[in-house]
Amino acid sequence: MTAFPVTRLRRLRRTDALRSLVRETRLDLDRVVAPLFACPGEGVVDPAAGLPGLAQRSLDELVREAGELHGLGIRAVLLFGIPEEKDEEGSGAWDDDGVVQRALRALRAEVPGLTLITDVCLCEYTSHGHCGVLREGEVANDETLELLARAAVSHVEAGADVVAPSDMMDGRIGAIRAVLPETPIVSYAAKYASAFYGPFRDVAESAPAFGDRRGYQLDPANVREALRECALDVDEGADVLMIKPALPYLDVIRAARERFDCPLWAYSVSGEYAMVKAAAAAGHLDERAAALEWLTAITRAGAEVIVTYWAKELAAWI
Ligand code: PBG
């Protein structure tokens, strides 16, 4: 009855202003988190794999970059550390004088007002590159929990506003919640054993020396299991659920959005960023248009906040 010619959806697409008035999803800088990588040294800016969004930075450069991001309207950063030395247990992760802890103190002092979120994991700090301690060649879940909790506490003592555990051990949210009752926890609740972490592992120097992470990260084929992870994390005290990667997992984002009432974030990972950068460099895509479409799709699927390496460029684009 109301089909064509009565209904003509093109009527609202005629001008830019009309399209803007009926747009359902918008990107918002208040809801963008920029990842940053702290490394030792001075004057170091080392963009891994030639990707500007994925550079190791010494503290001086980190503070400068964070200040610039804040000045552009980015309100939160997610901090990773690349320590000078690694060991079997990943003890650099909870070292009070560790690279992230020092970065937190510097950022707290130099860029007040910037929200500091830390990635809590052992993989950047272990000599074998796995996200927990090894016993007989396997990642030992329960022994790892205590170390993750220690790392989280040291981050908060150094000035972190929020901690974000990314290790995928069972029970880690509860273990951290038990020692940090007042700190917001962003749980990488559904983190998949993905092929899209490659450039990150280059910059964070965190590729596993043997094997892979399929014994603890989620199987890309599963969505119900991801929802069980989310439910457990909420029960254990997570404040925010995060899905990672983002674009290949829009169905997971949507399913989590429909099932849970807590804030939902998505991490658009290094491989997603690298794909668009590479295609743009080869002349196949317009980077700005592709990136905006990419991040809009993630928002449309239901993520409220996106962790993205495009954060800085986005500040100029929107
Ligand atoms: C640490 C961690 C990883 C990423 C974020 N935190 C790597 C991994 O699990 O191997 C990947 C982020 C990205 O690719 O952008 N566990």
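### Brief notes about the overall build of the chain
In step 1: Along the backbone of the chain there are eleven helices and twelve strands.
In step 2: A compact globule built from 318 residues should have a C-alpha radius of gyration of about 20 Å, and the chain, at 20 Å, falls within 12% of that.
In step 3: Looking at the 318 residues of the chain, the share that counts as buried comes to 55%.
In step 4: When the accessible area of the chain is evaluated, it comes to approximately 14,400 Å², of which 50% is carbon and sulfur surface.
In step 5: Taken together, the 34 basic and 50 acidic charged side chains of the chain have centroids lying 12 Å from each other.

### Re the packing of helix 9 (residues 270-281) against helix 10 (residues 287-301)
What describes two packed helices is the angle between their axes and the distance between those same axes.
In step 1: For the pair helix 9 and helix 10, the least separation of the axes is 9 Å and the interaxial angle reads 155°. Here helix 9 lies roughly antiparallel to helix 10, going by the angle between them. Classified by chirality, the crossing of helix 10 by helix 9 is right-handed. In this structure, helix 9 contributes Glu272, Met275, Val276, Lys277 and Ala280 to the contact, and helix 10 contributes Glu287, Ala290, Ala291, Trp294 and Ile298.
In step 2: Residues that form the contact of helix 9 with helix 10 fall into these classes: seven nonpolar, no polar and three charged.

### Describing the layout of surface pockets
In step 1: Its boundaries defined by the atoms lining it, the largest pocket holds a volume of some 250 Å³.
In step 2: Lining the largest pocket we find 15 residues, and of these Glu138, Val139, Met169, Gly215 and Tyr216 sit closest to its centre.

### Some words on the site of the ligand
In step 1: If you check the shell around the ligand, you find 19 residues, and the closest are Lys191, Arg201, Lys244, Ser270 and Tyr309.
In step 2: Arg213 is positioned such that a nitrogen or oxygen atom in its side chain is 2.9 Å from an oxygen atom of the ligand.
In step 3: In the model, an oxygen atom of the ligand is placed 2.7 Å from a nitrogen or oxygen of the Ser270 side chain.
In step 4: Considered on its own, the ligand offers 400 Å² of accessible surface; in the complex 100% of this is hidden by protein.
In step 5: Among the cavities detected, the one that contains the ligand is the largest cavity.
In step 6: Partitioned by chemical class, the residues of the shell around the ligand number ten nonpolar, three polar and six charged.

### Side note on the packing of aromatic side chains
In step 1: Evaluated as defined, the whole model comprises ten aromatic pairs.
In step 2: Here the aromatic rings of Phe37 and Phe80 are separated by 5.1 Å at their centres, their planes lie at 20°, and the arrangement is stacked. Of this pair, Phe37 sits in strand 1 (residues 32-38) while Phe80 sits in strand 4 (residues 76-81), placing them 43 residues apart in sequence. Comparing Phe37 with Phe80 shows no difference in burial state: the two are buried.
In step 3: Here Tyr273 and Trp310 contribute two aromatic rings whose centre-to-centre distance is 5.2 Å and whose plane-to-plane angle is 70°, an arrangement assigned as edge-to-face.

### Let's talk about a nonpolar patch on the surface
In step 1: Taken together, the side chains of Leu12, Leu21 and Val22 define a hydrophobic patch exposed on the protein surface, amounting to about 300 Å² of accessible area.
In step 2: Looking at the element boundaries, Val22 is found in the loop between helix 1 (16-21) and strand 1.

Cut-off values and rules
Residues numbered from 1 in each chain as written. Predicted model: local features only at pLDDT ≥ 70, side-chain atom pairs only at ≥ 80, totals over all residues. Heavy atoms only, no water. Helix = DSSP H or I, 4+ residues; strand = E, 2+ residues; numbered from the N terminus. Rg over C-alpha atoms; globule rule 2.2 N^0.38 Å. Buried < 20%, exposed > 50% of the residue type's maximum accessible area, 1.4 Å probe, protein only. Areas by Shrake-Rupley, 256 points an atom, 1.4 Å probe, with all protein chains shown as cover. Lys, Arg positive; Asp, Glu negative; His and termini not counted. Charge placed at Lys NZ, Arg CZ, Asp CG, Glu CD. Axes fitted to C-alpha atoms, helices over the stretch in contact; angles between N-to-C directions. Parallel < 35°, antiparallel > 145°, perpendicular 65-115°, else oblique. Left-handed = near helix turned anticlockwise from the far one by under 90°. Contact = heavy atoms within 4.5 Å. Nonpolar A, V, L, I, M, F, W, Y, C, P; charged D, E, K, R; others polar. 1 Å grid on protein atoms, 1.4 Å probe; cavity = no way out; pocket = protein on both sides within 12 Å on 5 of 7 lines; lining within 4 Å. Points joined across faces, edges and corners; volume = space filled by probe spheres on them. Near = heavy atom within 4 Å. Polar contact = N/O pair within 3.5 Å; in protein donor to acceptor, adjacent residues only side chain to side chain. Sits in = over half its atoms within 2 Å of the grid points. Phe/Tyr/Trp six-rings, centres within 6.5 Å; stacked < 30°, edge-to-face > 60°. Patch = residues over 30% accessible without salt bridge, like charges linked within 9 Å, V, L, I, M, F, W, Y side chains within 5 Å. Salt bridge = Lys/Arg side-chain N within 4 Å of Asp/Glu carboxyl O.

Any functional reading would require information beyond the geometric quantities listed.
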